[in-house]
Amino acid sequence: MSKLVKLGKNEVQYGTYLVGHLSYGITYNDLVDAFGAPTFLPEDSGDGKVNFEWVFDFEDESGINEFTIYDWKTESAEWSKLNTGTSEQAGEWFGSRWHVGGKGYGGDFIEYIEKKVGEKVVS
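Conventions and cut-offs
Residues numbered from 1 in each chain as written. Predicted model: local features only at pLDDT ≥ 70, side-chain atom pairs only at ≥ 80, totals over all residues. Heavy atoms only, no water. Helix = DSSP H or I, 4+ residues; strand = E, 2+ residues; numbered from the N terminus. Buried < 20%, exposed > 50% of the residue type's maximum accessible area, 1.4 Å probe, protein only. Lys, Arg positive; Asp, Glu negative; His and termini not counted. Salt bridge = Lys/Arg side-chain N within 4 Å of Asp/Glu carboxyl O. Contact = heavy atoms within 4.5 Å. Pairing = 2+ DSSP bridges. Core = buried A, V, L, I, M, F, W, Y, C linked by side-chain atoms within 4.5 Å.

### Describing the side chain of Asp60
Part 1 of the argument: By the secondary structure assignment, Asp60 is in strand β3 (residues 53-60).
Part 2 of the argument: For the buried Asp60, no salt bridge exists, and the shortest N-O distance to an oppositely charged side chain is 13 Å, to Lys3.
Part 3 of the argument: Aside from chain neighbours lying at most four places away, what touches Asp60 is Ser2 and Asp108.

The following block contains the structure:
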């Protein structure tokens, strides 16, 4: 059984890289509803490339791995809150989809996150 723990700022190990993306249509509010406030906010970004970032330890049969969900090079923090884009807009809205960072394979983490977000979204 998989286990997810949201990390605080002082618990983060850093060093992740892009391992995938969440599906189009997942909003900032969906993520907040499912996982609470982001670990890092715009004022925490040293270079302004990331406005919002959630950091998790994800445990499954392969062990415990750190993963992040973040926006990347969007117009502004407000833009990230309001826009996620569709697959048709992917080319013109670079960075609109939520990025997933990790230190290895991220497919199981992405699947787990999307399932949890889906459980919180009311149709």
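So much for the structure itself; the text now carries on.
### Some remarks on the pairing of strand β4 (residues 63-70)
Both faces of the sheet carry side chains from a regular strand, because those side chains alternate between them.
Part 1 of the argument: By the bridge criterion, 8 bridges tie β3 to β4 in an arrangement that is antiparallel. Residue pairing in the sheet places Asp60 in a bridge with Gly63 of β4.

### Let's talk about the nonpolar core
Part 1 of the argument: Membership of the largest hydrophobic core comes to 18 residues, with the highest contact counts inside it found for Leu22, Leu31, Trp54, Ile69, Trp98, Phe109 and Ile113.
Part 2 of the argument: Of all the elements in the fold, those that place two or more residues in this core are α1 (28-35), β3, β4 and α3 (107-120).
Part 3 of the argument: Tallying contributions element by element places α3 first for this core, with 5 residues.

### Re the environment of Tyr28
Part 1 of the argument: Looking at where Tyr28 falls in the secondary structure, it is placed in helix α1.
Part 2 of the argument: In this structure, the C-alpha to C-alpha distance between Tyr28 and Phe52, residues 24 residues apart in sequence, is 8.8 Å.
Part 3 of the argument: Leaving out residues up to four positions away in the same chain, Tyr28 has contacts with Pro38, Phe52, Trp54, Ser80, Lys81 and Trp98.

Read these as layout, nothing more, since geometry by itself doesn't imply function.
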